[in-house]
Amino acid sequence: MTQILDQYGRPVRRQLLDRQIAAPSLTGLRSLWNFGEVTSGLTPARLARVLRSAAEGDHEAYLTLAEEMEERDPHYASVLGTRKRAVSGLPVVVEAASDDPSDVKLADAVRLLFKRRGIRALLQDLMDSVGKGYSVVEIMWDRKASPWAPACYEWRDPRFFQFDQATRREVRLRDESDMLGGLALEPYKFMVHDPRLKSGIPIRGGLARLAAWSWMLKSFGIKDWMAFAEVFGMPLRLGKYPSGETPENVDILRMAVANLGTDASAVIPESMKIEFEELANVAGGAELFERMAKFFDAQISKAVLGQTMTTDDGSSRSQAEVHNEVRKDLRDADADQLEETLERDLVIPFITLNWGPQKNYPSVHLREPESADVKLLTEALAVLVPLGLRVETSEVRDKLGFSDPDPKAECLQPAAAFAPAPVLQPATKAQAMNREAAPRFSADQQALEGLIAGVMPDAVNAAATMGREIDGLIRKAKSFEELQALLAAYLDEAGEDPLQDVMQRALVAADMHGRDVIGGDGDD
């Protein structure tokens, strides 16, 4: 059996494709019981040590911090989840490398692969790298099926992995057999997504590192806010007793005042009384804490979404729509990088294991369907294809998200198609006398056909010239509105239409021929 090599020249061990390599264990380095809490009692000094250690190679505490930040802060979890789902929810479009039947076949197989269960969860797990800096998913291949395909995708805790000591870029598996350097990942077994949100090593690019300081300072403010509310949330309880009151009654009054905040009831001697005093300037303190919390939420929104308008209650719809464009830029950038990971770690292994290495592979695109583009495409094709523009059918199908139909599949057909005109042939002498002769062209009809054949080359050339000029305008235009303006200017500058001239000459020739046939002058 031929040895298969991955893109880095490493041999693929088929016997390991359906085995779990990075599964957690009860004991050892890859045990979920090894990780303690980080955010409890977090201080600025400790946070600085955690971030510094992560940059130096020990990122276990940092990854734990990133996980707990999502679990403890609703705002951070919300905006980070929005960033992830903006990409994981996009439709998957597969485009063939060319119109060659073999490339079309491979593209159809990849389309079926992305229609299997578990793809959406896979995309969500890979997008976990946005917060932490990288994400690893182990592929469990089904070698009993034909073709071989992933049976499931297992997300692996990023704390089970480490980076190489030299470049800090290669993800390696933590293992007792090599405590320092770790093990190289088995080819075609793991999908590693490390989006480049900033230049540098992957572990420094996660959004959790960027948002950690705002998150910690906000948590300090919330804690102080709760302490403030506990003290100043209720009015001051003031107990008064007359001069000369016995110590026993004073103790009763003191206990009643202390417990009044929770019991809301008290029993004291008639000579005593409890008054409630409203404290001044308390509302200003509450507003201070609220403004501080909103400020840090806004900083986290900017870090994760690139804007704040879609998360602020006071933003108008128009403002949110404008700022939403910024989020689309981030989404498209995230989608482009995820496409590369899917092609490198899933599409190429899938095709290579089943059909061998290829010169070209299908491309995967995560794109949002836009009805305006589809409408513009179909309208342009309806006009330009009859004028002679050549377009590959597979390219159109890929842009519309359609697969190539099976030869035996029932396909859509036009509602009414024009049947081609029958070709009329003169009867031959050998034709039997008892059969009705086929209709033949008369001499006048044949002359008219000759007129049409005479002008047809000029008409085809004129239409082809116009088609090439319009095709150039379409390629030049960057928007539908710009195309409309270019077409209007083209029609204004074109002057006399060559195709119109050909049609006028043909009509004049047909009219003259008709007059000659009927022998009239046509004055009536």
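Residues numbered from 1 in each chain as written. Predicted model: local features only at pLDDT ≥ 70, side-chain atom pairs only at ≥ 80, totals over all residues. Heavy atoms only, no water.

### Description of the packing of aromatic side chains
Inference 1: Tallied over the full model, the rule gives four aromatic pairs.
Inference 2: Note on Tyr134 and Phe163: the rings are 5.0 Å apart at their centroids and 75° apart in plane angle, and the pair reads as edge-to-face. Placement of the pair is Tyr134 in the loop between helix H6 (129–132) and strand E2 (135–142) and Phe163 in strand E4 (residues 161–163), with a sequence separation of 29 residues.
Inference 3: Of the residues examined, Phe163 reaches a relative accessible area of 7% and is grouped as buried.
Inference 4: Here the aromatic rings of Phe350 and Trp355 are separated by 5.6 Å at their centres, their planes lie at 75°, and the arrangement is edge-to-face.
Inference 5: Across from the ring centre of Phe35, 4.0 Å away, lies the NZ or CZ of Arg159, which sits over that ring. (Phe/Tyr/Trp six-rings, centres within 6.5 Å; stacked < 30°, edge-to-face > 60°. Helix = DSSP H or I, 4+ residues; strand = E, 2+ residues; numbered from the N terminus. Buried < 20%, exposed > 50% of the residue type's maximum accessible area, 1.4 Å probe, protein only. Lys NZ or Arg CZ within 6 Å of the ring centre and 35° of its normal.)

### Describing the sheet that holds strand E6 (residues 178–184)
Inference 1: Taken in spatial order, the three strands make up an open sheet running E4-E5-E6, and their pairing is antiparallel. The sheet is open, and its two edges are formed by E4 and E6, each paired on a single side. On average, each strand axis in the sheet is inclined to that of its neighbour by 55°, with strand direction left out of account.
Inference 2: By the bridge criterion, three bridges tie E4 to strand E5 (residues 171–175) in an arrangement that is antiparallel. (Pairing = 2+ DSSP bridges. Axes fitted to C-alpha atoms, helices over the stretch in contact; angles between N-to-C directions.)

### Observations regarding the pairing of E5
Inference 1: Most of E5 sits inside the fold, with five of its five residues counted as buried.
Inference 2: As defined by bridge partners, E5 adjoins E6 across three bridges and the pair is classed as antiparallel. Counted as the bridge partner of Asp175 is Asp178 from E6.
Inference 3: Linking E5 to E6, which pair antiparallel, is a turn of two residues.

### Some remarks on the nonpolar core
Inside soluble globular proteins, nonpolar side chains tend to come together where they are buried.
Inference 1: In this structure, Phe114, Leu122, Phe161 and Leu342 are the most contacted members of the largest nonpolar core, which totals 74 residues.
Inference 2: Broken down by element, this core gets its largest block of residues, eight residues, from helix H10 (residues 317–355).
Inference 3: Each residue touching Phe114, except ones within four places of it in the same chain, is listed here: Val92, Val94, Ile119, Leu342, Leu346, Val347 and Val364.
Inference 4: By size, the runner-up hydrophobic cluster in this structure holds eight residues, among which are Leu384, Ile470, Ala477 and Leu486. (Core = buried A, V, L, I, M, F, W, Y, C linked by side-chain atoms within 4.5 Å. Contact = heavy atoms within 4.5 Å.)

### Digging into helix H2 (residues 60–72)
Owing to its 3.6 residues per turn, the α-helix aligns residues three or four sequence positions apart on the same side.
Inference 1: For H2, spanning 13 residues, the distance from its first C-alpha to its last is 18 Å, which sits close to the expected 18 Å at 1.5 Å a residue.
Inference 2: All of the buried residues along H2 are Tyr62, Leu63, Thr64, Leu65, Ala66, Glu68 and Met69.
Inference 3: Its buried side turned inward, H2 meets helix H1 (44–55), helix H3 (74–88), H6 and helix H7 (207–232). (Expected span 1.5 Å × (residues − 1).)

### Points about a negative patch on the surface
Inference 1: A surface patch of like charges, here negative, comprises Asp99, Asp100, Glu392 and Glu395.
Inference 2: Inspection of the secondary structure assignment puts Asp100 in the loop between strand E1 (92–95) and helix H4 (101–114). (Patch = residues over 30% accessible without salt bridge, like charges linked within 9 Å, V, L, I, M, F, W, Y side chains within 5 Å. Areas by Shrake-Rupley, 256 points an atom, 1.4 Å probe, with all protein chains shown as cover. Salt bridge = Lys/Arg side-chain N within 4 Å of Asp/Glu carboxyl O. Lys, Arg positive; Asp, Glu negative; His and termini not counted. Charge placed at Lys NZ, Arg CZ, Asp CG, Glu CD.)

### Some remarks on the pattern of salt bridges
Inference 1: According to the stated counting rule, one finds 26 salt bridges in the structure shown.
Inference 2: For Arg143, the salt bridge is made with Asp18, and the minimal N-O distance between the two is 3.6 Å. Here Asp18 lies in the segment before H1 and Arg143 lies in the loop between E2 and strand E3 (149–156), a separation of 125 residues in the sequence.
Inference 3: For Arg143, a relative accessible area of 31% gives the class partly exposed.
Inference 4: The class for Asp18 is partly exposed, based on a relative accessible area of 35%.
Inference 5: The shortest N-O distance in the salt bridge between Lys189 and Glu138 comes to 3.3 Å. Residue Lys189 is found in the loop between E6 and strand E7 (190–193), and its partner Glu138 is found in strand E2; the two are separated by 51 residues along the sequence. Grouping residues by exposure puts Lys189 and Glu138 together as buried.

### A closer look at unusual backbone geometry
A negative phi angle characterises most non-glycine residues, just as the trans form characterises most peptide bonds.
Inference 1: At the junction of Ser146 and Pro147, the peptide bond is cis and its omega measures out at 0° in the coordinates.
Inference 2: Here Pro147 lies in the loop between E2 and E3.
Inference 3: Even without glycine at this site, Arg168 takes up a positive phi of about 60°.

### Digging into the environment of Ser219
Inference 1: Among the secondary structure elements, Ser219 is positioned in helix H7.
Inference 2: Measuring from C-alpha to C-alpha, the distance between Ser219 and Thr39 comes to 9.8 Å, with 180 residues separating the pair along the chain.

### Some remarks on H4
Inference 1: Given a rise of 1.5 Å per residue, 14 residues ought to cover 20 Å, and the 20 Å separating the end C-alpha atoms of H4 matches this to within 8%.
Inference 2: Taken as a whole, H4 has its buried residues at Asp103, Val104, Leu106, Ala107, Ala109, Val110, Arg111, Leu113 and Phe114.

### Let's talk about the packing of H3 against helix H5 (residues 119–126)
Inference 1: For the pair H3 and H5, the least separation of the axes is 9 Å and the interaxial angle reads 135°. Taken together, H3 and H5 sit at an angle that is classed as oblique. Of the two possible hands of crossing, H3 and H5 adopt the one that is right-handed. In this structure, H3 contributes Lys84, Arg85 and Ser88 to the contact, and H5 contributes Arg120, Leu123 and Gln124.
Inference 2: Its residues placed into classes, the contact of H3 with H5 shows one nonpolar, two polar and three charged. (Parallel < 35°, antiparallel > 145°, perpendicular 65-115°, else oblique. Left-handed = near helix turned anticlockwise from the far one by under 90°. Nonpolar A, V, L, I, M, F, W, Y, C, P; charged D, E, K, R; others polar.)

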